[in-house]
Amino acid sequence: MKLAATIFLIPLLLAAGIVLRPLIATEIPQGERRSGYTFMGPETKAMQDDDTANPGMLGALDGEALWNRKASAAGKACADCHGDARASMKGVAARYPTYDKPLGRPVNLEQRINLCRARHQEADPFPYEKHDLLALTTYVAEQSRGMAIAPDAAPELEPFLAKGRDFFMHRQGQLNLGCTNCHDDNWDKHLAGSPVTQAIPNGYPIYRLEWQSLGSLQRRLRNCINGMRAQNFDFGAPELVELELYLMSRARGMPMETPAVRP
Amino acid sequence: MAAALINVPKKAKNGDVIEIKTLMSHIMETGFRHTTSGVVIPRDIITSFTCRFEGEEIFRADLFPGTAANPFISFFTVASKSGKFDFEWIGDNGFSETASASITVE
């Protein structure tokens with residue numbers, strides 16, 4: 001009787017996807033990784049594809065002006081050291097975050113810009129998530145558009161990358177969710193009518209229609225952490241940079257789309 | 001920092017229907033939103049967009065609260081002769097921006 005019940009139960013469980021479902025979340029295989037672009041509707045794709053319809057390009061234009069503008073005490077513009085961004089910044093954003101020796105930790109592109117302002121331009125840092133920093137970051141990252149993401153391979157980064165991966169994989173917050181529960185296990189499904197997507201950050205800073213403005217990867221991450229009702233971090237927090245580091249490693253080899261448009 | 005992106009074909013044949021696309025940088029604050037402390041965020045929008053070809057008005061649009069930030073306006077016209085398109089955006093708080101683009105009609 002007991003045996004018969006078990007035999008009867010197995011196909012039911014299989015049908016429900018309970019038995020075969022892996023208990024531990026697994027990363028998406030390299031060949032199946034998809035840009036957020038591929039989840040979008042034709043209208044939003046058209047908006048990103050046309051440089052004169054993509055509002056992110058307005059930020060890039062402002063960024064170009066900032067690149068050439070002299071900043072405060074030292075009277076130096078980005079262009080005075082780096083020259084033409086079209087040549088000198090090509091491929092730079094595709095390897096960020098990178099390791100900063102003096103700080104002994106990874107820094108993202110926004111932080112690198114502000115470090116450059118502090119160390120070389122003797123200027124005040126741009127505040128996070130304000131237009132100036134987003135615009136300049138967009139302009140720098142736009143120079144890598146179409147190039148494959150190639151994360152910094154510095155061995156010093158390994159422990160930070162591991163921490164970022166750990167953050168992604170572990171359940172947290174009042175809803176007891178980990179990033180992986182949506183973005184690895186359920187990326188092919190919908191949440192509140194929107195595709196879940198694979199957490200591939202290949203177009204930041206993005207112009208997000210919901211935000212009606214440009215926004216950084218950290219703004220997106222803070223949204224997600226809020227959604228999980230977990231303890232959030234301030235902009236520029238090391239935890240967020242470590243997470244960025246891990247996410248960029250997921251996007252390895254995929255083309256940059258900055259400034260991407262996302263719904 | 002205001003910036004506009006204009007897309008007008010550089011060349012067209014006489015009688016061609018051409019598409020003109022414009023994108024203007026603007027926050028388009030509706031005036032209906034409040035800060036967390038309950039203070040109304042004052043309205044700040046573009047109220048009018050005009051396109052003139054060689055001085056003659058060929059397209060005009062009035063904009064209202066509810067238009068998305070960075071308004072994208074696209075319209076069609078018939079290319080009849082070479083000349084210059086002048087674009088003008090006017091809005092709240094004395095906002096006024098212009099841009100222009102030329103077309104060669106063969």
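This one's a predicted model, so the numbers in the text were calculated from it and none came from an experiment.

Parameters at a glance
- Residues numbered from 1 in each chain as written.
- Chains lettered and ligands numbered in written order.
- Predicted model: local features only at pLDDT ≥ 70, side-chain atom pairs only at ≥ 80, totals over all residues.
- Heavy atoms only, no water.
- 1 Å grid on protein atoms, 1.4 Å probe; cavity = no way out; pocket = protein on both sides within 12 Å on 5 of 7 lines; lining within 4 Å.
- Points joined across faces, edges and corners; volume = space filled by probe spheres on them.
- Helix = DSSP H or I, 4+ residues; strand = E, 2+ residues; numbered from the N terminus.
- Nonpolar A, V, L, I, M, F, W, Y, C, P; charged D, E, K, R; others polar.
- Domains from an automatic or database assignment.
- Contact = heavy atoms within 4.5 Å.
- Buried area = accessible area lost by both parts, 1.4 Å probe.
- Polar contact = N/O pair within 3.5 Å; in protein donor to acceptor, adjacent residues only side chain to side chain.
- Buried < 20%, exposed > 50% of the residue type's maximum accessible area, 1.4 Å probe, protein only.
- Axes fitted to C-alpha atoms, helices over the stretch in contact; angles between N-to-C directions.
- Parallel < 35°, antiparallel > 145°, perpendicular 65-115°, else oblique.
- Salt bridge = Lys/Arg side-chain N within 4 Å of Asp/Glu carboxyl O.
- pLDDT = per-residue confidence, 0-100.
- Arc of directions from axis to C-beta.

### So, empty space enclosed by the protein
All names here are of chain A.
In step 1: In this structure the tally under the stated criterion is two cavities of 30 Å³ or more.
In step 2: Looking at the largest cavity, its volume works out to about 200 Å³.
In step 3: In terms of lining, the largest cavity is formed by 17 residues, of which the most central are L109, E110, Y204, E244 and M248.
In step 4: Only α6 (109-119), α7 (131-142), α10 (217-227) and α11 (238-250) provide two or more residues apiece to the lining of the largest cavity.
In step 5: Taken together, the residues of the lining of the largest cavity sort by class into eleven nonpolar, four polar and two charged.
In step 6: Of the residues that make up the lining of the largest cavity, three or more belong to each of domain 1 (2-50 + 153-262) and domain 2 (56-142).
In step 7: When its volume is computed, the second largest cavity comes out at roughly 50 Å³.

### Here's the deal with the domain arrangement of chain A
Frequently, the measure chosen for interface size is the accessible area that the parts lose on association.
Residues and elements named next belong to chain A.
In step 1: We note that the domain assignment places domain 1 (2-50 + 153-262) and domain 2 (56-142) within chain A.
In step 2: Every contact between the two is made by 21 residues of domain 1 and, on the other side, 24 residues of domain 2.
In step 3: Interface area lost by domain 1 to domain 2 is led by L214, V241 and P259, which between them contribute 25%.
In step 4: The tally of links from domain 1 across to domain 2 stands at three residue pairs in polar contact (both at pLDDT 80 or more).
In step 5: Elements that contribute at least two residues to the side of domain 1 that touches domain 2 include exactly β6 (213-215), α10 and α11.
In step 6: Counting residues per element, the side of domain 1 that touches domain 2 draws most heavily on α11, which supplies four residues.
In step 7: Tallied by class, the residues present in the side of domain 1 that touches domain 2 amount to 13 nonpolar, five polar and three charged.

### Here we look at the environment of A:T180
In step 1: Tracing the chain through its elements places A:T180 in helix α9 (residues 179-183).
In step 2: Accessibility expressed as a relative area gives 1% for A:T180, which makes it buried.

### Things to note about the side chain of A:S216
In step 1: By secondary structure assignment, the location of A:S216 is in the loop between β6 and α10.
In step 2: Not counting the four nearest positions on each side in its chain, A:S216 is found in contact with A:E110, A:E129, A:L134, A:Y204, A:W211 and A:F235.

### Describing the packing of α6(A) against α7(A)
Residues and elements named next belong to chain A.
In step 1: It is the contact of α6 with α7, at a shortest axis distance of 10 Å, that shows an interaxial angle of 105°. In terms of axis orientation, α6 runs roughly perpendicular to α7. Contacts between α6 and α7 involve L109, E110, I113 and N114 from the former and L133, L136, T137, V140 and A141 from the latter.
In step 2: Of the residues belonging to the contact of α6 with α7, the class tally is six nonpolar, two polar and one charged.

### Brief notes about the pattern of salt bridges
In step 1: Here the structure, examined in full by the defined rule, presents 18 salt bridges over all chains.
In step 2: Between B:K21 and A:D50 there is a salt bridge, and its shortest N-O distance comes to 2.7 Å. Here A:D50 lies in the loop between α2 (42-49) and α3 (56-68) and B:K21 lies in strand β3 (residues 17-24), a pairing that spans two chains.
In step 3: By relative accessible area, B:K21 is classed as buried at 17%.
In step 4: Each of A:E64, A:D84 and A:R86 takes part in one network of salt bridges that share partners.

### With respect to the confidence of the model for chain B
Low-pLDDT portions of the prediction should not be read for the details of their coordinates.
Residue and element names in this part refer to chain B.
In step 1: Taken over all residues, the pLDDT of chain B has a mean of 94, while the share at 70 or more is 98%.
In step 2: Averaged over each element, pLDDT in chain B is lowest for strand β1 (residues 4-7) (93) and highest for strand β4 (residues 46-53) (97).
In step 3: Reported confidences for the modelled complex are a pTM of 0.88 and an ipTM of 0.87.

### Here we look at α10(A)
Residues and elements named next belong to chain A.
In step 1: Every buried residue of α10 is accounted for by L217, Q218, L221 and I225. Taken down its axis, α10 places every buried residue within 90° of arc, on the same side.
In step 2: On its buried face, α10 sits against α8 (158-169), β6 and α11.
In step 3: At the N-terminal end of α10, a side-chain oxygen is found 3.3 Å from the backbone nitrogen of Q218, two or three residues along, and the residue is S216.
In step 4: After α10 finishes, the residue R229 shows a positive phi value of roughly 55°.

### What to know about the interface of chain B and chain A
In step 1: Residue-level contacts link 14 residues of chain B with 15 residues of chain A.
In step 2: Roughly 1100 Å² of surface becomes buried between chain B and chain A when both sides are summed, with 64% attributable to carbon and sulfur atoms.
In step 3: Our count for the contact surface shared by chain B and chain A stands at one salt bridge.
In step 4: Connecting chain B to chain A are four residue pairs in polar contact (both at pLDDT 80 or more).

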